[in-house]
Structure formats: structure tokens, C-alpha cells
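# Structural description and commentary
This is what each chain is made of:
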Amino acid sequence: MDTKRLIAFVVLSFAILYGWQHWFAPKPTPAQIAAQQQAAATGTPAAAATTGTATAAAEGALTRAGRIKVKTDLLDAEIDTMGGDLRKLTLIEHGQHDNAKVPFVLFQEGPEHTYVAHTGLISNGLNLPTHRTLFSSKDTAVSLQPGQNSVSVRLDAPEVNGIKVAKIYTFKRDSYVIDVAYEIINGTQAPLNLSAYYSLVRDGKDPRGTGGFFTGGAAFTGPAVYTEEKKFQKVTFSDIDKDKAEYVAKPADGWVAMVQHYFVSAWLMSPNGGNNLCAKSACTVQVTKKPGELYQSAVQVNQPTIAAGANYRVSVPLYAGPQETRALQAAAPGLDLVKDYGIFKIIAQPMFALLDLIHGGASISGMQIPGIGNWGWSIVLFTLLIKLALYPLAVTQYRSMAKMKKLAPRMQKLKEQYGDDRMKFQQAVMELYKSEKANPLSGCLPILIQMPIFMGLFYMLQAVVELRQAPWMLWIHDLSVADPYWVLPILMILTMWIQTRFNPPSGDPMQDRMMKIMPVVFGVMFIWFPAGLVLYYVINNVFSIGQQWYITRKIEREDSTVKTTPAKPAKASKAKGK
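Thresholds applied
- Residues numbered from 1 in each chain as written.
- Predicted model: local features only at pLDDT ≥ 70, side-chain atom pairs only at ≥ 80, totals over all residues.
- Heavy atoms only, no water.
- Helix = DSSP H or I, 4+ residues; strand = E, 2+ residues; numbered from the N terminus.
- Expected span 1.5 Å × (residues − 1).
- Buried < 20%, exposed > 50% of the residue type's maximum accessible area, 1.4 Å probe, protein only.
- Arc of directions from axis to C-beta.
- Pairing = 2+ DSSP bridges.
- Axes fitted to C-alpha atoms, helices over the stretch in contact; angles between N-to-C directions.
- Parallel < 35°, antiparallel > 145°, perpendicular 65-115°, else oblique.
- Left-handed = near helix turned anticlockwise from the far one by under 90°.
- Contact = heavy atoms within 4.5 Å.
- Nonpolar A, V, L, I, M, F, W, Y, C, P; charged D, E, K, R; others polar.
- Core = buried A, V, L, I, M, F, W, Y, C linked by side-chain atoms within 4.5 Å.
- Patch = residues over 30% accessible without salt bridge, like charges linked within 9 Å, V, L, I, M, F, W, Y side chains within 5 Å.
- Areas by Shrake-Rupley, 256 points an atom, 1.4 Å probe, with all protein chains shown as cover.
- Salt bridge = Lys/Arg side-chain N within 4 Å of Asp/Glu carboxyl O.

## Some thoughts on helix H5 (residues 345-360)
Between its first and last C-alpha atoms H5 spans 21 Å; for 16 residues at 1.5 Å apiece the expected length is 22 Å, and the two agree. Within H5 the residues assigned to the buried category are Ala348, Met351, Phe352, Leu355, Asp356, Ile358 and His359. Seen along its axis, H5 keeps its buried residues to an arc of 155°; they face one direction.

Set out below in C-alpha cells:
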């Protein structure tokens, strides 16, 4: 396979992949959401360690009561006094998929979409507060003020047989981690045994703006469980429907989550810098389907016995926000695994690590190295580093092309000599390659290496929220979607055409004609590709043109030096005689 056939193969592969996704791939079927979500309690709360209590407690209608609004630098939240649920969460710095100026809503409840966070307490024989308990609060609206690092909302439940319970939300500056705590005062004369459940409830709909080949159609939506033992475990909605969900039900650490394209919410049982709530007694995880076509990802945590007259506090962090790598890594072990890089993860993940380093900088031995701060220019520098790393291979490729270019006139004579006898022509060409020590396949290696990089970047741009709605300059306001004015695809066509001018003729008129239209074919395809990927390709072509011009000139100078250097006269051999 020569270079031109390889390029043709790549184009055909992309055309087939896109055509399948566009015309034949099965379309996702959204779950039907009931106008009035119904759920009834299915049993009396059991003992703290009883299997299934978290599931029983999580069933119930989403009844509305009073709302408490919370505003921080990153979040707009609404807490309902019915259950103290987190019913609405808006991410201020992230826009809707179709309108970047409108903040993205992660948690919400309504006929179109339901996604909320529940918590509650369970104890044998006691009606402790659950997400169906009406709380009270002195707050109606709180906001993070300048100079404040955190802001809290306290909700008090009705006293139950001398037991007082308060639920406290703490929102922090520059953080998507929300601490959800219970303060319990055991005013009885007996020790108190209880457990707490933490649940994420969501419908089965895919997020708006997904489902296509270029819009994260392959991204996972659904529950996920992580443990140190079994690592990252995805649970599909279809497996839950079929009662085939597989995950660690009794974890000793980890987290439970609801994952969707670009965003995630997760209850962290063993957060970084915090206590492992499952260390002394294994937690109970349940991923189940609820009435009203809702799905639940929940964990039940057994609590230590609270002595009579004692006070007790337990806090569990909730991460709810974008899948930003640095934020995920700082929150909990393995949380960054929710970022779905697809089948090219082994390439895409380290590529993003390098790109993130270029963009955000790093701290080395206490010295802070600043980053570029613009994802577009980060891609430009990233492309330059890739080209420098592959420079030795580029030299090999362009030397091979230069040699093939010099052999082109002789190959044309062979074609004229043998006419339509392709067998003899091919044999003569192979003899020519052998005598001149030319290897046409040596030019393919750099292209073969570039393909995994290209595919890794393609999948990376679909996975990373950091580039979602990230501007470059001028007309490029979102590197994760197509160039709205086709400027980059047109530049790609131009740079590819310039590259073809350096290529030697193949000796096959059909191949030569195909190579002339190849830039247009690629350009049309790239109209729908993310702007960040097309930017990489354009910059790669520009650097390749520069490299090719420099290396070709260097080779020509070397050849001219060899031609102008006079050959040394051979020494006369002395005759030997007796």
C-alpha cells in the first residue's frame, strides 16, 4: 500500500463511519416521563443494616414545598424544604448546548426532565427524617459574599421522640463539591442505631444535544459505581430494565454517580482528604428503576451507635458539575474515570493530559510554570510539539519522496516501454527500486503514526468539557463544534493542495487525478468536524509544508554538492614481477 492509497483508505473509512452513524445506526429512544410522578412507600423502614432499605426510602412522589435559593461563584442551587432535596442546580460558567449565554441546568424536576439528589435517615421503629419529611429553615435565599470561602444552609426536621435532626448544606468558593451533613441529637434515654441514604434520581433521557456522531453520540449516560477493588463500573439503563445490572453492592470505599456527556454527579464515600465512611462497615449500593421511568443510584451508610444524650454529625460530599479533569481528580480517587474517551482512550487521555499541561501550566519543585490559558493556542503549540517529536520520521518520509521524485522520469519511460503489460512494468519498477535502494513504503510510516493521533484527538474533543464552548479567537467561539463559517475547512483544503504540489507523480494518471480532488473531499468532510480538530489539521499541514520545504531544499543542496565535487583519480597499480 503506497501513501496515496493509504490516504484514500482513510477517507473511505471515515465516509463509511459517518454514513453508518447518520443513516443506519439505531436512534436512542427517550424514556417516557409521567406528567405526575407517582411512587408509594413499599414497606416499613427496617433496621439500619437491612438490605433494600435505601430503595424503600427512595420511593415517593417529588412533592414541592418552599424553596431556598443559594448562589455561589459557580452554582445557582434550589433546595426544597420537602426532604431538604437539592432539586435544581445551575452551572453558571457552562452554557446550554444550543445557547452558550444561558447557564446549563444539571438538576431539575419537571415533565421534560427529572434529575435530583435525595438523602434521608432510616432507623428501626422510628420515623426519622427522609426526603418525604417537611423541613423548616430561617433562610429563603443565601449567597456567597466577597471574602467568604463558604456559605451554609441549615434545615431543621420536626423532633421525633426526643431526637432532633438538622440537615446542613455547605457550598464552597471555586468548587463543585457540596457538603451535605446531618447533625443528630439523641435526646432519648436509649442508644440510637441508624443509617443514612444518599441517592441520585434521574430519568433515562439522553442529554439534549447528544446522539450524533460529532456531538457525543457514543458518550455514556447512566449510573456508575467505583470501588478500589473493581474500579469503574458502568450500569446501563437497559441492564437495569432487564434486571441484569452488575456492580459491587457492598463496597468498602468509592462513590456512586449519575453520568452524562460532559457532566456528572456523585456521592463520595471516600473523598480525597476525608474519612472513608465505608471503612468500619461496608456500605450498601443499589442501582434500581423507580416508578415514573426514573432510575436511582444510591448508597446506604451505616452510622455508629449514638449514645443517649449524645450529639453526632456525619457529612458526605456531593460532586455535581462538569467533568473537569483537575476538579475530578481533586475530589475523589477514580472520579476522573467518568470522562468517556471512547475506544481510543489509551491515546486520547495522555494527549489531553499534555494539552491540559500546556493550557493550565504546572508546579514543578515549588516553581509555578504558567500555561497559555487559551485552548485554541494550546492546540497550536500541542501540534508543534507533535511535529517536533515526529521530525526524524518526517525526514525519512521526505527523503523517500525526493528519491521517488527523481525516479519519476525513469518510471515514465518504463511505462511507455511496456505499455499495457502491467506485469512486466511492475517487475521493472521493482528492479528500479532495488537498484536505486528506494523504498516507497518508507513514506507511509509517518502517516500511519499520525492516524492514531488524529483519532485520539477526535475522541478527546468529544469527551473533554474543558473545550466545550471554549473560544480560540475571532469567529471561533467553541472549539468542540464545527466552524460556523467553514474558514478552517477551506484553509485545510488550501494547505492540503499545497502539499500535493510537493508530491512526486505516481506514474498512474488515475491516482494523480484522485490526489488532486482529495483535498476537496477532505475539506467537505471536515465541515462537520469539531473546529479544534480542524485547527489541529490545518496547523499540522502548515508545519508539514515548512518541514517539507526545508528538508527538500537540504536534500537538493546535498545532491548538488555531490555532483560538483570532483572525483578523486584512481591510483595506478604497480605491476609486480620477479
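## Quick look at the pairing of strand E12 (residues 231-234)
Pairing geometry for strand E11 (residues 222-227) and E12, over 4 bridges, is antiparallel. Bridging from a neighbouring strand, Val225 pairs with Gln233 of E12. Hairpin connection, E11 to E12: the antiparallel pair is bridged by 3 residues.

## Thoughts on the packing of H5 against helix H6 (residues 375-389)
Relative to each other, H5 and H6 sit at 120°, their axes nearing to 9 Å. Classified by the angle their axes make, H5 and H6 are oblique. Once H5 is placed against H6, the crossing between them reads as right-handed. Contacts from Met351, Phe352, Leu354, Leu355, Asp356, Ile358 and His359 in H5 reach Trp375, Ser378, Ile379, Leu381, Phe382 and Leu385 in H6. Class assignment of the residues belonging to the contact of H5 with H6 gives a composition of 10 nonpolar, 2 polar and 1 charged.

## Observations concerning the nonpolar core
The biggest cluster of nonpolar side chains holds 78 residues, and the ones touching the most others in it are Phe107, Trp255, Trp267 and Leu335. One finds Met351, Leu467, Ile476 and Leu488 within the second-largest nonpolar core, a separate group that totals 44 residues.

## Regarding a nonpolar patch on the surface
Together, Leu354, Leu357, Ile372, Trp377, Leu381, Leu385, Leu388, Met473 and Leu474 line one region of the surface with nonpolar side chains, adding up to about 780 Å² of accessible area. Put simply, the parts of the chain that give the nonpolar patch at least two residues each are H5 and H6. At 4 residues, H6 tops the list of elements feeding residues into the nonpolar patch. In this fold, Ile372 is placed in the loop between strand E19 (367-369) and H6. The exposure class of Ile372 is partly exposed, given its relative accessible area of 39%.

## Describing the environment of Leu355
You can see Leu355 is positioned in helix H5. Separated by 16 residues in the primary sequence, Leu355 and Gly371 have C-alpha atoms spaced 10.0 Å apart. In this structure, Leu355 is in contact with Trp375, Ser378, Ile379, Phe382, Met460 and Leu467, ignoring residues within four places of it in sequence.

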